[in-house]
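Okay, here's what each chain looks like letter by letter:
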Amino acid sequence: MAEEQRVTVGLPDRGYEVRIGEDILREVGPEAAARRLGPHCAILTDENVETLHLDVVVESLQSAGIVTHVVVLPPGEGTKSFAHLEGALRTLVRSGLDRHGFVVALGGGVIGDLGGLVAALFYRGIPCVQVPTTVVAQVDSSVGGKTAIDIPEGKNLVGAFLQPAFVLADTRTLQTLPPRAWAEGFAEIIKHAAIRDPEMLDTVDALEDRNDLVALIARNVAIKARVVEEDELETSGVRAYLNFGHTIGHAIETAAGEGTLLHGEAVSLGMRAELFLSERKCGLPAASTTRVLSSLRRFDLPVVLEAGLDDEAILATMARDKKFEGGQMRFVLLSALGAPQIHREVSLADVRDALAVLREPCGV
Ligand code: NAD
Ligand code: GLY
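In what follows, the accompanying structure is described. (Residues numbered from 1 in each chain as written. Chains lettered and ligands numbered in written order. Predicted model: local features only at pLDDT ≥ 70, side-chain atom pairs only at ≥ 80, totals over all residues. Heavy atoms only, no water.)

1. Observations concerning helix α10 (residues 263-282)
Item 1. Taking burial as the measure, the 20 residues of α10 include 17 buried ones, the bulk of the element.
Item 2. The positive-phi residue at the C-terminal boundary of α10 is G283, with phi of around 75 degrees. (Buried < 20%, exposed > 50% of the residue type's maximum accessible area, 1.4 Å probe, protein only. Helix = DSSP H or I, 4+ residues; strand = E, 2+ residues; numbered from the N terminus.)

What follows is the structure, encoded as structure tokens:
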């Protein structure tokens, strides 16, 4: 069994540890108790994760002397809504949780984002422990403190920053992920490689199964942690580098409609479009685009936009996206793999051209 790794997110007064290991779910209770997070907690999870991984977490917390309340939500992006936020908060009040309690968000990015926001709002803020169970959540969403729900006008438009008390990523939980959910996480890993660690593409390509993931997950957590340390609240622009592939990807995801594309699948399409823009605007060598596309294809991630989703729907969604600043589009583009920059001179015509390229076969 691979040895557990720990990555520290070094933020003033809000620093925390991310534990990454195989079969470490049962450490959640002792860790929460050691940190004196509170005598009782609410575990937020979804129906899929409840069946697979909830019992171990409940038992671990109860054995550590912590009273547990469980809130099970439906799976899927639709759960990141005002209705479910309100429902969860009211359930917590009725269950007797108070300001001395804490939240455990057990699940993928949906539960992590919603659970984090519940913790940020309940009694004006109680601690949140993130226990991510998808690749996306382990390498990205559980670290960095962004919490959010969606509104009809766009994804993640309502939220708060709340850094977790600690994060516990058990790579064994990834064994039970369905194939699409497993693959979509690699879009975020490949994104990390493209912006910070191009050599990681070789590691990703060499992966044969779901064993021995501790080093890979920890390498990604470290990338995310360093970015968050540099720009916690996304004010200097460094954290915005994590949005590579997301400006167009988010718009495609929203325009396609709920349940059509997974987040990582949309990011994969967005990365192809933004690699094209990087070539045109920043001189990214075409070979670098091919290198990234080849890793995306290795995980069967989509890189060609299906017919049926027209440019106007995507552009209208982009116009509402928060990555617009003062009416100007803001893109993360690469001048080389590992060398991102914020670019504001991307015209509507450039975006239309990128969408046209995205409809062509990729040839990789
Ligand atoms: P998700 O939470 O919907 O999980 C995907 C599916 O896998 C769900 O059906 C879930 O029930 C199931 N599942 C979860 N763990 C499982 C397991 N171990 N075994 C079997 N099934 C399991 O989706 P996701 O891809 O984890 O996260 C996507 C969300 O994360 C989006 O809402 C996105 O906006 C958000 N996100 C947030 C950040 C951030 O910084 N806060 C970063 C990236 C993504
Ligand atoms: N996933 C983007 C961020 O955390 O900033």
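2. Some words on the layout of surface pockets
Empty space among the atoms becomes apparent when a probe as large as a water molecule is rolled across them.
Item 1. Approximately 170 Å³ is the volume found for the second largest pocket.
Item 2. Lining the second largest pocket, in full, are I252, A255, A256, T260, L261, L269, P302, V304, L305, E306 and L309.
Item 3. With 3 residues, helix α9 (residues 246-256) is the largest single contributor of residues to the lining of the second largest pocket.
Item 4. In terms of residue class, the lining of the second largest pocket is built from 9 nonpolar, 1 polar and 1 charged. (1 Å grid on protein atoms, 1.4 Å probe; cavity = no way out; pocket = protein on both sides within 12 Å on 5 of 7 lines; lining within 4 Å. Points joined across faces, edges and corners; volume = space filled by probe spheres on them. Nonpolar A, V, L, I, M, F, W, Y, C, P; charged D, E, K, R; others polar.)

3. Looking at the site of ligand 2
Item 1. Taken together, the neighbourhood of ligand 2 is formed by D140, K146, K224, R239 and L242.
Item 2. A distance of 3.1 Å separates a nitrogen atom of ligand 2 from a polar side-chain atom of D140.
Item 3. One nitrogen or oxygen atom from the side chain of K224 is found 2.6 Å from an oxygen atom belonging to ligand 2.
Item 4. About the coverage of ligand 2: the protein hides 86% of its 200 Å² of free accessible area.
Item 5. Considered class by class, the residues forming the shell around ligand 2 number 1 nonpolar, no polar and 4 charged. (Near = heavy atom within 4 Å. Polar contact = N/O pair within 3.5 Å; in protein donor to acceptor, adjacent residues only side chain to side chain. Areas by Shrake-Rupley, 256 points an atom, 1.4 Å probe, with all protein chains shown as cover.)

4. A few points about the packing of α10 against helix α11 (residues 286-298)
Item 1. Look at α10 against α11: their axes get within 10 Å of each other, and the N-to-C directions meet at 175 degrees. Considered as vectors, α10 and α11 are oriented roughly antiparallel to each other. Where α10 abuts α11, its residues S268, M271, R272, L275 and E279 lie against A286, T289, V292, L293 and L296.
Item 2. Broken down by class, the residue content of the contact of α10 with α11 amounts to 6 nonpolar, 2 polar and 2 charged. (Axes fitted to C-alpha atoms, helices over the stretch in contact; angles between N-to-C directions. Parallel < 35°, antiparallel > 145°, perpendicular 65-115°, else oblique. Contact = heavy atoms within 4.5 Å.)

5. Let's talk about a negative patch on the surface
Item 1. Taken together, the side chains of E47, E50, D55 and E59 present a region of like negative charge at the surface.
Item 2. With respect to the helices, strands and loops of the structure, D55 is situated in helix α2 (residues 47-63).
Item 3. On the accessibility criterion, D55 (59% relative accessible area) is exposed. (Patch = residues over 30% accessible without salt bridge, like charges linked within 9 Å, V, L, I, M, F, W, Y side chains within 5 Å. Salt bridge = Lys/Arg side-chain N within 4 Å of Asp/Glu carboxyl O. Lys, Arg positive; Asp, Glu negative; His and termini not counted. Charge placed at Lys NZ, Arg CZ, Asp CG, Glu CD.)

6. With respect to the side chain of S60
Item 1. Locating S60 in the fold gives a position in helix α2.
Item 2. Judged by its relative accessible area of 7%, S60 falls in the buried class.
Item 3. In terms of polar contacts, S60 uses its side chain to reach the backbone amide nitrogen of G29, at 2.7 Å.

7. A few points about the sheet that holds strand β6 (residues 128-132)
Item 1. If you walk across this open sheet you meet the 7 strands as β1-β2-β9-β6-β5-β3-β4, and the pairing is mixed. Single-partner strands in this sheet number two, and they are β1 (5-9) and β4 (67-73). Within the sheet, the average angular offset between the axes of one strand and its neighbour, ignoring direction, is 15 degrees.
Item 2. Bridge count between strand β3 (residues 40-46) and β4: 7 bridges; the pairing is parallel. (Pairing = 2+ DSSP bridges.)

8. A short note on the environment of D310
Item 1. Of note, D310 is situated in the loop between α11 and α12 (311-320).
Item 2. When its relative accessible area of 46% is taken as the criterion, D310 is described as partly exposed.
Item 3. A distance of 2.9 Å separates a polar atom in the side chain of D310 from the backbone nitrogen of A313.

9. With respect to the site of ligand 1
Item 1. Residues in close proximity to ligand 1 total 27 residues, the closest being D46, E77, T134, T176 and E184.
Item 2. At 3.0 Å, a backbone N or O of K146 approaches a nitrogen atom of ligand 1.
Item 3. Between T173 and ligand 1, the recorded distance is 2.9 Å, taken from a backbone N or O atom to a nitrogen atom.
Item 4. Here ligand 1, which alone exposes 870 Å², has 90% of that area covered by the protein.
Item 5. Those elements that provide at least two residues to the shell around ligand 1 are α2, α4 (109-121), α5 (135-141) and β8 (154-161).
Item 6. For the shell around ligand 1, the per-class residue count stands at 7 nonpolar, 11 polar and 9 charged.

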